[in-house]
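Observations on the model geometry
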Amino acid sequence: MTSADSPNAVGHRDDTLDGGPGAQPGAGAPPLIDAEVPPIGPGLAGDPSGEELFALADAIAAVTGGSVAIEDLDARVLAYSTLPGQRIDDLRRQGILGRRVPDQPGPQAERQLRQYRQVLAAPGVVRLAGLAEGELQRAAVAIRAGSLPLGTIWAIEDHAPHDEGLDAACERALLDGARTAALHMLRRRSAAALEQHAREQALRAGLDGTAPAHDTAYRLGLTAGTPLTLIGFAPVGGAAEAGAALTRLVAELGRHWGAVRPSAAVATGPRAVYALLSGEDPDAARRLAAQALAAVARPRTQPARAAVSRPAADVTELPALRSEVDDVLRVTTSEPEAPQVATLTDVHARVLLTHVADELVRRPRLRHPGVEAMLEHDRTRNTHYAASVLAWLDAVGNVGEAAHQLTVHQNTLKYRLRRARELFGLDLEHPDDRLSCWLQLRIGTPL
């Protein structure tokens, strides 16, 4: 799993980037942190790893001159510096007092997410200007154990405008601090979290079909003959608006399944989050999918849809189950009124039409030339032959019903149908031609 794909990672930075859990914009002379921020982390006294992270934050702040926050991938502030006189702003203070980065509204969240991804993708230190008024400039670095992202370190810069290079000593302190923090954070991670990461890698390989089936079954702890069900989750809307919503789903679904079904394996794809359940009947899988959607629903956020696959008995079917789930989500996430939880049976007709549409895009020579000519005629001459033919076909040849839908007189519709036959050579008396014409017209309209 890459750092940008990390389920928890994505959920974390949305909030942190306004300034990081430890970020707080404030104007005027920087106040002393010990005047308004607790000097030690609540609940961490007696936790050696926690105390060491606080000491590490102080050590970095002594070099950078500004407040330092060490965060995990869920926007929690694990440790922060408490040096007298360090530079700090209100955003950092809020994060420290709440021990978590506050949610940011509107377009600010998307900009924060982009900054967060930039930090996690960068091999070194990234300098970032403040996103909000009064927010101080920051330098940030990802904390990693090999390729596994663990968190981030955010330091408020004490000097140097953004167009100047970062002081070499500050950069070295952040890089060294990230390596040291990784050791302490790994020590704090439970064996269950590491196992979850390994299971995610195994499920992703199984869904992609890139690993031998017996390896996938062994790594996921699956026994032969156990029914398998794949559930996919994706936000409603196009790629632009769904991007930020998917990153939130990744983190929240990971936590949900870890609490509700620890045996479930969860993995993230480019457009969906997948959960593999074993030993569940179709009704139970559907019910669990609905519960998961309810658990991650939030006011004023992009709604999500769930797709439940057919039961399968072997891990070799995982790529096929993924294709099935993706087909269902493609339909349900594009329609606001689609069911929240669906199987292929629920939306089979619409899935079939999307595949027909795909095939016509790949092989345009299969398109009926008469239908193409009719559509072009409507576009260039502002006529309504295509809408009239489609309405008549939708009404199964009932002229009265079709005319009512078009709000035209029946004689007007009859004239249009006759002219469509004459102008474009459409044989609407033959059932195969009617089906071909209807399919081509239907896939060009909302399903």
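This text follows the structure it describes.
Here goes a summary of the coordinates provided. (Residues numbered from 1 in each chain as written. Predicted model: local features only at pLDDT ≥ 70, side-chain atom pairs only at ≥ 80, totals over all residues. Heavy atoms only, no water.)

Let's shift gears to the environment of L293. Checked against the element boundaries, L293 lands in helix 9 (residues 282–296). A relative accessible area of 7% places L293 in the buried class. Note: C-alpha distance between L293 and V341 (48 residues apart in sequence) is 8.6 Å. Leave out the neighbours within four places in its chain, and L293 touches F233, A304, R305, A306, Q340 and V341. (Helix = DSSP H or I, 4+ residues; strand = E, 2+ residues; numbered from the N terminus. Buried < 20%, exposed > 50% of the residue type's maximum accessible area, 1.4 Å probe, protein only. Contact = heavy atoms within 4.5 Å.)

Before going further, it helps to examine the sheet that holds strand 8 (residues 273–278). Here we have five strands laid out as an open sheet, ordered 7-8-6-9-10, and mixed in their pairing. Because the sheet does not close on itself, it has two edges, and the strands there are strand 7 (265–268) and strand 10 (341–342). As paired strands, strand 7 and strand 8 are joined by four bridges and run antiparallel to one another. Bridging from a neighbouring strand, T268 pairs with V273 of strand 8. In the packing of helix 9 onto the sheet, contacts are made with strand 6 (228–235), strand 8, strand 9 (304–308) and strand 10, and the angle to strand 9 comes to roughly 165°. (Pairing = 2+ DSSP bridges. Axes fitted to C-alpha atoms, helices over the stretch in contact; angles between N-to-C directions.)

This brings us to the sheet that holds strand 2 (residues 77–80). An order of 2-1-5-4-3 is seen for the five strands of this open sheet, with the pairing classed as antiparallel. The sheet terminates laterally at strand 2 and strand 3 (126–128), the two strands that pair on one side only. The average undirected angle you get between the axes of adjacent strands in this sheet is 25°. Bridge count between strand 3 and strand 4 (residues 138–145): three bridges; the pairing is antiparallel. Residue V126 lies in a different strand from strand 4, and its bridge partner there is A140. Across the face of the sheet, helix 3 (residues 90–98) comes into contact with strand 1 (68–72), strand 2, strand 4 and strand 5 (148–156) while running at roughly 130° to strand 5. Running over the sheet, helix 5 (residues 168–188) touches strand 1, strand 2, strand 4 and strand 5 and is turned about 45° from strand 4.

So, on to the packing of aromatic side chains. Applying the stated criterion to the full structure yields three aromatic pairs. Measuring from centroid to centroid gives 5.7 Å for Y385 and F424, while their planes differ by 70°, and the two rings are edge-to-face. Residue Y385 is located in helix 13 (residues 385–394), and its partner F424 is located in helix 15 (residues 410–424); the two are separated by 39 residues in the primary sequence. On the accessibility criterion, F424 (11% relative accessible area) is buried. (Phe/Tyr/Trp six-rings, centres within 6.5 Å; stacked < 30°, edge-to-face > 60°.)

Within the secondary structure, E71 sits in strand 1. For the pair E71 and I143, spaced 72 residues apart in sequence, the C-alpha to C-alpha distance is 9.2 Å.

Let us look at the side chain of H184. Here H184 shows up in helix 5. Within polar-contact distance, the side chain of H184 engages the side chain of E52 at 2.8 Å. (Polar contact = N/O pair within 3.5 Å; in protein donor to acceptor, adjacent residues only side chain to side chain.)

This paragraph deals with unusual backbone geometry. Phi angles above zero are rare outside glycine, and V396 is one such case at about 55°. Among the secondary structure elements, V396 is positioned in the loop between helix 13 and helix 14 (399–406). On the basis of relative accessibility, which here comes to 77%, the residue V396 falls in the exposed class. Notably, T407 is not glycine yet its phi reads approximately 55°, a positive angle. Looking at the secondary structure, you find T407 in the loop between helix 14 and helix 15. For T407, a relative accessible area of 69% puts it in the exposed group.

Right, let's get into the packing of helix 13 against helix 15. For the pair helix 13 and helix 15, the least separation of the axes is 9 Å and the interaxial angle reads 110°. With respect to their mutual orientation, helix 13 and helix 15 come out roughly perpendicular. Here the hand of the crossing between helix 13 and helix 15 comes out left-handed. Contact with helix 13, carried on its side by Y385, S388, V389 and W392, involves L413, R416, L417, R419, A420, L423 and F424 of helix 15 and no other residues of that element. (Parallel < 35°, antiparallel > 145°, perpendicular 65-115°, else oblique. Left-handed = near helix turned anticlockwise from the far one by under 90°.)

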